[in-house]
Amino acid sequence: MVDLLRKLDAGLIGILNIVVIVTSLAITGLILFLVLARFVLGWSVVGVLELATLSAMWLYMCGAVVAARNHEHLVVDFLALSLKNPKHKALHTFAVSVVMVVLSLFFLSLANDMVAWSIKRPQTTAALSIPLIVPQSAIVLAAILCAVYAVRDAIVAAAAVFGRADQSAGEV
């Protein structure tokens, strides 16, 4: 089962990395085209900024998932770095992971509310009439995957806390 989850994770991170690269290139190309069209050629091209914004939403959300998966997101680690006792470090990691699970579930709830509103009151972008559910789906995907990775981290942290407790009990 663990091997299957690792393979799924590897496949997922591969897809997310591709999305991050493609959307980065799309944003760069679209913004470059927009600037050249407006200031060099004097054109006003409709919809380019919408496509760049849509790409940015996917880039930000997929990038957030990659960062959460790799533990590369922004952290305040003063307390974590000042802890010397391994048991205290494990407890701190567990507490942080529980907070992240709660916040991820809140994020998931907000994403659910957003989708419910989008279904009830469908909207589109102004220039290209792209349904807003397209960029919002990036938020939903990020909410789901961040919650999954938060639960994973909580399980690993709980295993470290309770595993250490069992080891110290066995040593006595």
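For the structure itself, consult the block above.
Residues numbered from 1 in each chain as written. Predicted model: local features only at pLDDT ≥ 70, side-chain atom pairs only at ≥ 80, totals over all residues. Heavy atoms only, no water.

*Asks:* Would you mind going over helix 4 (residues 86-120) with me for this structure?
*Replies:* For an α-helix, the turn length of 3.6 residues means that residues three or four places apart are oriented alike. With 35 residues, helix 4 should reach 51 Å at 1.5 Å per residue; the first-to-last C-alpha distance of 51 Å fits that figure. Along helix 4, the residues classified as buried are Ala90, Ser97, Val101, Ser104, Ala111 and Ser118. Capping the start of helix 4, Asn85 holds a side-chain oxygen 2.8 Å from the backbone nitrogen of Lys87, two or three residues further along. (Helix = DSSP H or I, 4+ residues; strand = E, 2+ residues; numbered from the N terminus. Expected span 1.5 Å × (residues − 1). Buried < 20%, exposed > 50% of the residue type's maximum accessible area, 1.4 Å probe, protein only. Polar contact = N/O pair within 3.5 Å; in protein donor to acceptor, adjacent residues only side chain to side chain.)

*Asks:* How should I be thinking about the side chain of Ser118 in this particular structure?
*Replies:* By the element assignment, Ser118 lies in helix 4. Apart from the residues lying within four places of it in its own chain, the contact partners of Ser118 are Ile133 and Gln136. (Contact = heavy atoms within 4.5 Å.)

*Asks:* Even after reading the chapter, I still don't get a nonpolar patch on the surface, so can you show me in this structure?
*Replies:* A cluster of nonpolar side chains, contributed by Ile31, Leu32, Phe33, Val35, Leu36, Phe39, Val40, Leu41, Trp43 and Leu49, occupies part of the molecular surface with about 990 Å² of accessible area. Broken down by element, the nonpolar patch gets its largest block of residues, seven residues, from helix 1 (residues 2-40). Tracing the backbone through its elements, the reader meets Ile31 in helix 1. Residue classification places Ile31 among the partly exposed residues on the basis of a relative accessible area of 34%. (Patch = residues over 30% accessible without salt bridge, like charges linked within 9 Å, V, L, I, M, F, W, Y side chains within 5 Å. Areas by Shrake-Rupley, 256 points an atom, 1.4 Å probe, with all protein chains shown as cover. Salt bridge = Lys/Arg side-chain N within 4 Å of Asp/Glu carboxyl O.)

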